[in-house]
Amino acid sequence: MVCNINILFVFAALNITRPKFSGLDEFGYSSYVAFPSIANMGHFYEFHLKLSFANNASALRNNLILFSGQKGQGISGDDFFALGIRTGRIVHKYNLGSGLATIISERLNPRVRIHTVHFGRDLKTGWLKVDGQKRRMGTSPGPLVGLNAFSQLYVGGYEEYTPELLPAGSRFQNSFQGCIFDILFRTRHDGKFHSVGGPELRPISGRNVGQCGVDPCSLVVCRNGGTCVDSGSSVHCQCVFGWKGALCTEKLSFCDAEHVPPPSCARGATCVPLPNGYTCQCPLGSSGLYCQQAVMISDPFFSANQSSWMSFPPINMRHRTDLQLQFQTLSPEGILFYTAQHLSSSSGDFLCLSLSAGLVELRYNLGNRTVILQSQKEVDVSGMRWHTVKAGREGNSGFLILDGESVSRNFSKGTTLDVGTNIFIGGVSSLNTVSMDAVKKDPVAFTGGIREVIVNGQELELTETGALDGANVGDWDGTACGYNVCKNGGHCHPVGVSSYRCVCPSMWTGSRCKQSVQCVNNLCQHNSICVQSTSSAPYSCVCPLGWIGTYCEKEVTLNIFRFIGNSYLKYKDHKHSSRNLTHTEVSLNVSVSQGDGLIIWLGKAKSEDDDYLAIGLENGHLKVLVNLGDKTALPLVLQYSLCCNHWTRVSVIHHRTIIQVFLNEERIIFEDIDPLEQYVALNYGGVIYLGGFELNRDVVSASSGAFSKGFNGSIKDVYLYEDNHPLLFTQSSEGFNVHEGEE
């Protein structure tokens, strides 16, 4: 087992006075030290330095010693100066912008251990003197005499060193191998020398640099029989079998790839070491000792012995949590449902449904204290009975109902549940992250089957593809049949291990009994929806916007929109990004046929915390609701009736926290819904609904109980903000079951 320890020492910490450079490491990174740029080198510079070479042939072949200059992209004329070693000779190069000057020493004496190098430049003339050799001179071509080099001074190598990154003419193939020290410089003939690395010019970055004359292995203590190996640019501990880690301090586990034999976990399973072996944590869709078998989950089976769990995306439950769950259990203990503010023992807010000593227990904390609700009866732990539990809270009021029996109700001082984790079913990914107050004893996973989970009207798909993640989950009966496979009262019959057949009741057909027999071979046109009819006709067609008729065969241009309770229009405001969200105006003409229903909703309506402005009817009276954030306002139910198919102009104006309502241009209400102005903008997301919501969404749930059903009546002349023209709906707009209204 080999683990590298990169040598990157801080000068001050290890008192590096003679930096040792190792060239390129095994990852291709050069060793180097960078210093701040040296000012005033334009007309004159002079350097003195000492160096020694590593004991290998490549150290004298083609290596960079010093560099400063424009970074360059190989373009002739980039200003720079460089010092390097090439085939045993020191080379001084510089370019002032009009051509390259090169000065080369004689071959170095191999018997000299430490070499002294003096080099410099005065205007165009440069020089180089090495050891006791004769001083050599050179001149740069062209008219330019000044060096424009503002980069850092690089010693021993280059930060991103490859030759192609240096200006043409300065390209040495490798970084330096050996020691460079006692670097002095000056930028005037009569100036004093300054030290590179001294108080005036401290290093600002570096990599793979050690101290010359110091064995790096003297700084590394390999444990448990390990041996330190110095490979030049790095050191590592060579561990004996059974140990691993940077210092051979970690015992090799059964799950390490180096173990003989290696672990056999398949299908992306996670190996979990045990004292005398290992176990495989199977991802969803696999099972078996090594997770080698594929499994189709229709009704999941959880096992506390295997720490099973499934997770699902968060669902907003800040103001309201309504949970329905069906389960069969083989154990009196276990977590059925868990979500929290944080996954840690100090979780903040949380809500947990679990079994404790055979009793169903709901625990939640809204930020002040933990509320505990417990069933009166114990559940059947033989795995022979499906139990149904409904639990949750509305604001600060909690409830728990087991098999139809409402068992208790309790209260908390808090009103909102602020959770941010995924929803966990049957257990939690790491049981030590469960709040200490969420369960009575130590947290354990559930053992048994769960076949239905509905949270705030949203049903979780309890399958290997419907969950976000999970581990060690099987199927309750090992067949493809499940509680929700066959719809509308159909009976599921397994076919082999991975397939099924639905036997449908007389009025339904299809592979899952989802299609009405009356809609087989239907004549509905233009993407309309066939629905089973309750009248004498066998079926009816729900027409998209712009089409009417028995089979949605007639095209029509609508200026007046008639809604019949299960209709809706959805408009996306293309001017949303430029709207002033602190000042909202909406006005429309309304003709009412029935006294309850949603007329218009400005807002996304995806979560009960979404901002919205809504107008509707309650018992024939006008109802206006505004939420600018955190349910800042109560609904305004006005003592003004709209009825009898008469046209009424309704306008609502929101300005910061002031709400004004007008009927036929007469103001009937002026109210400040939040004098403290905690929230002032209506962030409606550019989405506007008329008459109701999408056909698969219940109005009560989508409006968080604000309205009981969709609108019955007609709407025309809908204006937003201060627009000069009403909203224009075309066939490309989204809507269904909207008919042509009458004046």
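None of these values were measured; they are calculated from a predicted model. Every chain is numbered independently, its residues counted from 1 as its sequence is written. Only residues with pLDDT of at least 70 get local features here, since the model is predicted, and only at 80 or more are side-chain atom pairs given and counted; chain-wide, interface and lining totals rely on the full set of residues. Water and hydrogen atoms were dropped before computing side-chain values, which therefore reflect all heavy atoms in the structure.

(A) Highlighting the overall build of the chain. The helix and strand tally for the chain stands at two helices and 62 strands. Rg of the C-alpha trace for the chain: 39 Å, well past the compact-globule value of 27 Å for 743 residues, more than 25% over. Principal-axis analysis of the C-alpha atoms gives the chain an extent of 115 × 70 × 55 Å. Contacts in the chain between residues far apart in sequence, at least 24 positions, make up 64% of those at least 6 positions apart. Accessible surface is estimated by sampling points in the Shrake-Rupley manner with a 1.4 Å probe; for residues, cover comes only from the protein chains shown. In the form shown here, the chain has an accessible surface area of approximately 34,500 Å², with 50% of it arising from carbon and sulfur atoms. Side-chain charges of the chain comprise 60 positive and 65 negative groups, with the mean position of each set lying 12 Å from the other. Only DSSP runs of H or I reaching four residues or more are called helices, and only runs of E reaching two or more are called strands; each is numbered from the N terminus. In this treatment the radius of gyration is a C-alpha quantity, and the globule benchmark scales as 2.2 Å times the residue count to the 0.38 power. Pairs of residues are marked as contacts when any of their non-hydrogen atoms sit within 4.5 Å. Residues counted as positive are Lys and Arg, residues counted as negative are Asp and Glu, and His and the chain ends are not counted. To locate a charge, take atom NZ for lysine, CZ for arginine, CG for aspartate or CD for glutamate.

(B) Expanded view of the side chain of Glu585. Summarising the element assignment, Glu585 is placed in strand β51 (residues 583-592). Throughout, exposure labels follow a simple rule: accessible area from a 1.4 Å probe, protein chains only, divided by the maximum for the residue type, with under 20% read as buried, over 50% as exposed, and the rest as partly exposed. By salt bridge we mean one thing: a side-chain nitrogen of Lys or Arg within 4 Å of a carboxyl oxygen of Asp or Glu. Lacking a salt bridge, the buried Glu585 has Arg649 as its closest oppositely charged neighbour, with an N-O distance of 9.2 Å. Counted as a polar contact is a pair of N or O atoms within 3.5 Å, where, for protein atoms, one must be capable of donating a hydrogen and the other of accepting one, and residues adjacent in sequence contribute only when both atoms are in side chains. A distance of 2.9 Å separates the side chain of Glu585 from the side chain of His583, its partner in a polar contact. If near-sequence neighbours (up to four positions away) are discounted, Glu585 is found in contact with Val652, Ile653, Tyr719, Leu720, Tyr721 and Glu722.

(C) Region of interest: the confidence of the model for the chain. pLDDT is a per-residue confidence score from the predictor, ranging from 0 to 100. Mean pLDDT over the chain: 88, with 94% of residues reaching 70 or higher. Overall, residues 1-13 carries pLDDT values under 50, and its contacts beyond four positions in sequence, including any with other chains, amount to 49 contacts.

(D) Structural view of the sheet that holds strand β57 (residues 658-663). By this definition, two strands are paired if DSSP reports at least two bridges between them. Reading across from one edge, β58-β57-β56-β51-β60-β49-β62 is the order of the seven strands in this open sheet, with antiparallel pairing throughout. Each edge of the open sheet is held by one strand with a lone partner, namely β58 (666-672) and β62 (739-740). Taken together, the two bridges between strand β49 (residues 561-564) and β62 define a ladder with antiparallel strand orientation. Bridge pairing links Arg562 to His739 in β62.

(E) Here's a closer look at the sheet that holds strand β39 (residues 469-471). Read from one edge of the open sheet, seven strands run β32-β31-β30-β29-β36-β27-β39, paired in antiparallel fashion. With one partner strand each, in any of the chains shown, β32 (370-378) and β39 form the two edges of the open sheet. Averaged over all adjacent pairs, the angle separating strand axes in this sheet is 10°, with direction ignored. Throughout, an axis means a line fitted to C-alpha atoms (over the contacting stretch in the case of helices), and angles, computed between N-to-C directions, take values from 0 to 180 degrees.

(F) The arrangement of the pairing of strand β6 (residues 80-86) in detail. Most of β6 is tucked away, with six of its seven residues classed as buried. Where strand β5 (residues 62-69) meets β6, seven bridges bridge the pair, whose relative direction is antiparallel. Opposite Phe67, over in β6, you have Ala82 as the bridge partner. With seven bridges connecting them, β6 and strand β7 (residues 89-95) associate as antiparallel partners. The residue of β7 that forms the bridge with Leu83 is His92. Connecting the antiparallel pair β6 and β7 is a turn made up of two residues, with Thr87 showing a positive phi of about 50°.

(G) Region of the structure containing the pattern of salt bridges. What the rule picks out here adds up to 18 salt bridges. For Glu46, the salt bridge identified is with Arg186, shortest N-O distance 2.9 Å. One end of the pair, Glu46, is in strand β4 (residues 44-53); the other, Arg186, is in strand β14 (residues 177-186), and 140 residues separate them in sequence. Classification of Glu46 as buried rests on a relative accessible area of 11%. Judged by its relative accessible area of 18%, Arg186 is buried. Across the pair Arg579 and Asp723 runs a salt bridge, and its minimum N-O distance is 2.9 Å. Note that Arg579 is positioned in the loop between β50 (568-572) and β51 and Asp723 in the loop between β60 (712-720) and β61 (734-736), a separation of 144 residues in sequence. It is possible to trace a salt-bridge network through shared partners that takes in Asp573, Lys575, Arg579 and Asp723.

(H) Representation of unusual backbone geometry within the structure. For the bond running from Val260 to Pro261, omega is 0°, close enough to zero to count as cis. Note that Pro261 resides in the loop between β21 (250-251) and β22 (270-274). Positive phi outside glycine occurs at Asn40, with the angle close to 65°. Examined against the element boundaries, Asn40 turns out to sit in the loop between β3 (32-35) and β4. Exposure remark for Asn40: the relative accessible area of 64% places this residue in the exposed category. Phi is positive for Asp403, which is not a glycine, with a value near 50°. Turning to its location among the elements, Asp403 is positioned in the loop between β34 (397-402) and β35 (405-411). On the accessibility criterion, Asp403 (30% relative accessible area) is partly exposed.

(I) Focus on the UniProt feature "domain: EGF-like" (unreviewed entry) in the chain. UniProt positions are given in the numbering used here, feature names are shortened, and annotations may be inferred rather than shown by experiment. The residues that UniProt annotates with the feature "domain: EGF-like" (unreviewed entry) are residues 213-249, 256-292, 477-514 and 515-553. Annotation note: span residues 256-292, helix share 0%, strand share 32%, distance between end C-alpha atoms 19 Å. The span residues 477-514 is 0% helical and 32% strand by assignment, and the distance between its end C-alpha atoms comes to 24 Å.

(J) Seen up close, a nonpolar patch on the surface. Candidates for patches are residues over 30% relative accessible area with no salt bridge; among them, like charges are joined within 9 Å and nonpolar side chains (Val, Leu, Ile, Met, Phe, Trp, Tyr) within 5 Å. Taken together, the side chains of Met507, Val517 and Val520 present a nonpolar region at the surface, about 190 Å² in accessible area. For Met507, the position within the fold is in the loop between β42 (499-503) and β43 (508-509).

(K) Here's a closer look at the domain arrangement of the chain. Each assigned domain of the chain is listed here: domain 1 (19-211), domain 2 (253-294), domain 3 (300-475), domain 4 (479-520), domain 5 (521-556) and domain 6 (561-740). Start and end positions for the domains come from either an automated domain assignment or a database one. Between domain 2 and domain 5, the C-alpha centre-to-centre distance is 56 Å.

(L) Local environment of the state of the cysteines. Cysteine sulfurs are considered disulfide-paired once they come within 2.5 Å of each other. This structure, assessed with the given rule, holds 13 disulfides. Here Cys217 engages in a disulfide with Cys228; their sulfurs sit 2.0 Å apart. Judged by the sign of its S-S torsion, about -80°, the bond between Cys217 and Cys228 is left-handed. Within this pair, whereas Cys217 is found in the loop between β17 (209-211) and β18 (227-230), its partner Cys228 is found in strand β18, the two being separated by eleven residues in sequence. Judged by its relative accessible area of 16%, Cys217 falls in the buried class. Judged by its relative accessible area of 21%, Cys228 falls in the partly exposed class.

(M) How the structure looks around the nonpolar core. Side-chain atoms within 4.5 Å are what join buried Ala, Val, Leu, Ile, Met, Phe, Trp, Tyr and Cys residues into a set we call a nonpolar core. Within the largest apolar cluster, 46 residues are counted, with the highest numbers of intra-cluster contacts made by Ile599, Ile600, Ile615, Leu622 and Val661. When residues of this core are assigned to their parent elements, the largest contribution, four residues, is made by β51. Contact partners of Ile600, with chain neighbours within four places excluded, come to Val586, Leu588, Leu613, Ala614, Ile615, Ile688, Tyr689, Leu690 and Val718. Counting residues in hydrophobic clusters, the runner-up holds 38 residues, among them Val360, Val371, Leu402 and Val473.

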